[in-house]
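# A closer look at the structure
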Amino acid sequence: MRSPRVDVVLGLQWGDEGKGKVVDALAGSYPVVARFQGGPNAGHTLYYQGKKVVLHQVPSGIFHEGVYCVIGNGVVLDPEVLLREVEGLQALGIDPKEKLIVGKRAHLILPIHRWLEEVSAEGEKIGTTRRGIGPAYADRYARRGIPVAWIDEADFAQRVEALFTYHAARFPSEKPPTLSETFWKGIELLRSLPRVELTEWLLQFEAVLAEGSQGTMLDIFAGTYPYVTSSHTTVAGVIAGLSVPPQSIREVYGVIKAYTTRVGEGPFPTEVFGSEAEWLQTRGNERGSTTGRLRRCGWLDLVALQYAIQLNGVTHLALTKADVLCGLPQVKVRVGGSDTAPIYETLPGWQSLNDPAFEHFVRFIEGFVGVPVRGISTGPSREDWYERLPKAPKSLG
Ligand code: GDP
């Protein structure tokens, strides 16, 4: 049976691990980069020609020549956000329209979905980003949603209106949104892009890099429910979200920060508070790229990491943001105990990433979880990246 080789980059913590950066570092070796889940709640921050670019819907491979960027079937897609992003990239001299491919089975986020998050208090505690993602997935699973394929149907507008009417009736004292000109421009943009049956389309290629959003601990099944996102952030999400067979999955790169962050409520065993938390928030610039919210911060949790590695069949790790910890006399990592009484190992801190204490930290992680750290990110820029182990043979196909 023929299928493309699919290598995966996904987050092993609560998101914001720096996946966009890792995808960008690896993307040049693949003809296709594909987002498999999530929506514009993801904010992948990249630096292109010294300019900061935050991508919400467009995959992080967009800055590479000759790489197709796929918005997969598992994604929920906001046409207005896509329009803004495409125009933003065009202003940087990149035409994403030449590279973007959309899975026909992806679902649309409509203005009514964003409105639902505003008028209902649902999701407030969970810390949702209010981009309409939860309601769009809820409609998808309630079989009321609008797949991308339907934008070509003659009754598309009526189907959208019917969904507006359905939701508006739930909140009669609130004024529902209307469909703006920008919305229709977003739909026109989508109509100008290739919309494909992914299983078949991907067969043209030997290798695909699948890009995850959020992190394993936020997976709707495997994460810290109910403080989770609405999609499968794990490797299971790749199979469903790109519509590929399980045999196609090869390398799974798990991205981890040298410490832990999380947004919104929910369990966080290694959380630190007060000045320790402030230090990490400031040094690590731990503020959401989509929402601007400060992130909760804590030490690296190797117990949670081991779970995430097992669940995803992680073959390699990519470590980010260890530079943030430079200058600390000691760093802590969780090695056991319960969620309420974690047990830590204290390791020597490092002054720079050339310090042997940093290599000791990396080896400690590898020894604990049994998976090699292959890539190390040393700062936010594209160039701040090195591979610690010899590259895997490029046996594409
Ligand atoms: P993603 O959603 O997993 O791609 O992560 P985000 O983009 O939300 O957050 C990662 C943030 O950390 C971005 O602002 C990156 O520019 C930055 N970043 C990524 N890797 C590193 C690193 O190794 N060191 C530092 N200091 N910043 C990094």
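Here the structure is a predicted model, which means the values were calculated and not measured. (Residues numbered from 1 in each chain as written. Predicted model: local features only at pLDDT ≥ 70, side-chain atom pairs only at ≥ 80, totals over all residues. Heavy atoms only, no water.)

## A closer look at the pairing of strand S10 (residues 207-215)
Walk down a regular strand and you will see the side chains alternate between the two sheet faces. Within S10, 9 of the 9 residues are buried, leaving the element largely enclosed by the surrounding structure. Note: strand S1 (residues 5-11) against S10, 6 bridges, orientation parallel. Across the sheet, residue Gly-11 finds its bridge partner in S10, namely Gly-215. One ladder, built from 4 bridges, connects strand S2 (residues 32-35) with S10; its direction is parallel. Bridging across to S10, Val-33 finds its partner in Leu-209. (Buried < 20%, exposed > 50% of the residue type's maximum accessible area, 1.4 Å probe, protein only. Helix = DSSP H or I, 4+ residues; strand = E, 2+ residues; numbered from the N terminus. Pairing = 2+ DSSP bridges.)

## What to know about empty space enclosed by the protein
Picture a little ball the size of a water molecule; that probe, rolled over the atoms, points out where space is still empty. Using the criterion set out here, one finds 1 cavity of 30 Å³ or more in the structure. Space inside the largest cavity adds up to approximately 50 Å³. Lining the largest cavity are Leu-12, Gln-13, Trp-14, Met-217, Thr-260, Leu-300, Asp-301, Ala-304 and Leu-305. Mapped by element, the contributors of at least two residues to the lining of the largest cavity are strand S14 (300-301) and helix H10 (302-312). Split into classes, the residues belonging to the lining of the largest cavity amount to 6 nonpolar, 2 polar and 1 charged. Two domains each put at least three residues into the lining of the largest cavity: domain 1 (5-106 + 195-253) and domain 3 (257-396). (1 Å grid on protein atoms, 1.4 Å probe; cavity = no way out; pocket = protein on both sides within 12 Å on 5 of 7 lines; lining within 4 Å. Points joined across faces, edges and corners; volume = space filled by probe spheres on them. Nonpolar A, V, L, I, M, F, W, Y, C, P; charged D, E, K, R; others polar. Domains from an automatic or database assignment.)

## Notes on the state of the cysteines
One covalent bond between the sulfur atoms of two cysteine residues makes up a disulfide. All told, the structure shown has 0 disulfides when counted by the stated rule. The cysteine Cys-297 is free of any disulfide, with Cys-326 supplying the nearest cysteine sulfur at 16 Å. (Disulfide = S-S within 2.5 Å.)

## Focus: the site of the ligand
Taken together, 19 residues sit near the ligand, with Gly-18, Lys-19, Gly-20, Asp-323 and Ser-377 positioned nearest. The contact in question runs from an oxygen atom of the ligand to an N or O atom on the side chain of Asp-16, over 3.3 Å. Computed on the free molecule, the ligand has an accessible area of 590 Å², of which 92% lies beneath the protein chains in the complex. If you list the elements that add at least two residues to the shell around the ligand, you get helix H1 (19-27) and strand S3 (44-48). A per-element tally of the shell around the ligand places S3 first, with 3 residues. Considering only residue class, the shell around the ligand consists of 3 nonpolar, 10 polar and 6 charged. Each of two domains, domain 1 (5-106 + 195-253) and domain 3 (257-396), supplies a minimum of three residues to the shell around the ligand. (Near = heavy atom within 4 Å. Polar contact = N/O pair within 3.5 Å; in protein donor to acceptor, adjacent residues only side chain to side chain. Areas by Shrake-Rupley, 256 points an atom, 1.4 Å probe, with all protein chains shown as cover.)

## Notes on the pattern of salt bridges
Counted according to the given criterion, the structure contains 21 salt bridges. A salt bridge links Asp-155 to Arg-159; the shortest N-O distance between them is 3.1 Å. With a shortest N-O distance of 2.9 Å, Arg-388 and Glu-359 are connected by a salt bridge. Taken together, the positions of Arg-388 in the segment after strand S19 (385-387) and Glu-359 in helix H11 (residues 356-369) put the pair 29 residues apart, joining distant regions of the chain. Of the residues examined, Glu-359 reaches a relative accessible area of 26% and is grouped as partly exposed. Several salt bridges converge on common partners, so that one network encompasses Asp-16, Lys-257, Glu-286, Arg-295 and Lys-321. (Salt bridge = Lys/Arg side-chain N within 4 Å of Asp/Glu carboxyl O.)

## A short note on the sheet that holds S14
A sheet is described by the order of its strands in space; here 3 strands give the open sequence S14-S16-S17, paired in mixed fashion. Whereas interior strands pair on both sides, the edge strands pair on one side only; in this sheet they are S14 and strand S17 (342-348). Here 7 bridges tie strand S16 (residues 330-337) to S17, and the two strands are oriented antiparallel to one another. Looking across to S17, one finds that Val-331 is bridged to Leu-347. H10 contacts S14 and S16 of the sheet and is inclined by roughly 65° relative to S16. (Contact = heavy atoms within 4.5 Å. Axes fitted to C-alpha atoms, helices over the stretch in contact; angles between N-to-C directions.)

## Observations concerning the nonpolar core
One recurring pattern in soluble globular proteins: nonpolar side chains tend to sit buried together. Ranked by size, the top nonpolar core spans 57 residues in total, and within it Val-8, Leu-242, Leu-317, Trp-350 and Phe-361 carry the most contacts. Among the elements that make up this core, the one with the highest residue count is H11 (6 residues). Sequence-distant contacts of Val-8, that is, excluding residues within four places in its chain, are made with Phe-36, Ala-210, Val-235, Val-238, Ile-249, Glu-251, Val-252 and Tyr-253. In terms of nonpolar packing, the next biggest core, distinct from the first, is built from 38 residues, Leu-46, Val-75, Phe-156 and Ile-187 among them. (Core = buried A, V, L, I, M, F, W, Y, C linked by side-chain atoms within 4.5 Å.)

## Describing the environment of Pro-96
Along the chain, Pro-96 falls in the loop between helix H2 (79-91) and strand S7 (100-103). Between the C-alpha atoms of Pro-96 and His-167, which are 71 residues apart in sequence, the distance is 34 Å.

## A short note on the domain arrangement of the protein chain
Entries for the protein chain in the domain assignment read domain 1 (5-106 + 195-253), domain 2 (107-189) and domain 3 (257-396). Measuring from the centre of the C-alpha atoms in domain 2 to the corresponding centre in domain 3 gives 37 Å.

## Overview of the packing of H10 against H11
A pair of packed helices is captured by two measures, namely the crossing angle of their axes and the spacing between those axes. Running from N to C, H10 and H11 cross one another at 55°; their axes reach a closest spacing of 10 Å. Compared by their axis directions, H10 and H11 come out oblique. Both H10 and H11 take part in a crossing whose hand is right-handed. Packed against H10, whose contacting residues are Leu-302, Val-303, Leu-305, Gln-306 and Ile-309, the element H11 presents Phe-364, Ile-365, Phe-368 and Val-369 at the interface. Residue composition of the contact of H10 with H11, grouped by class: 8 nonpolar, 1 polar and no charged. (Parallel < 35°, antiparallel > 145°, perpendicular 65-115°, else oblique. Left-handed = near helix turned anticlockwise from the far one by under 90°.)

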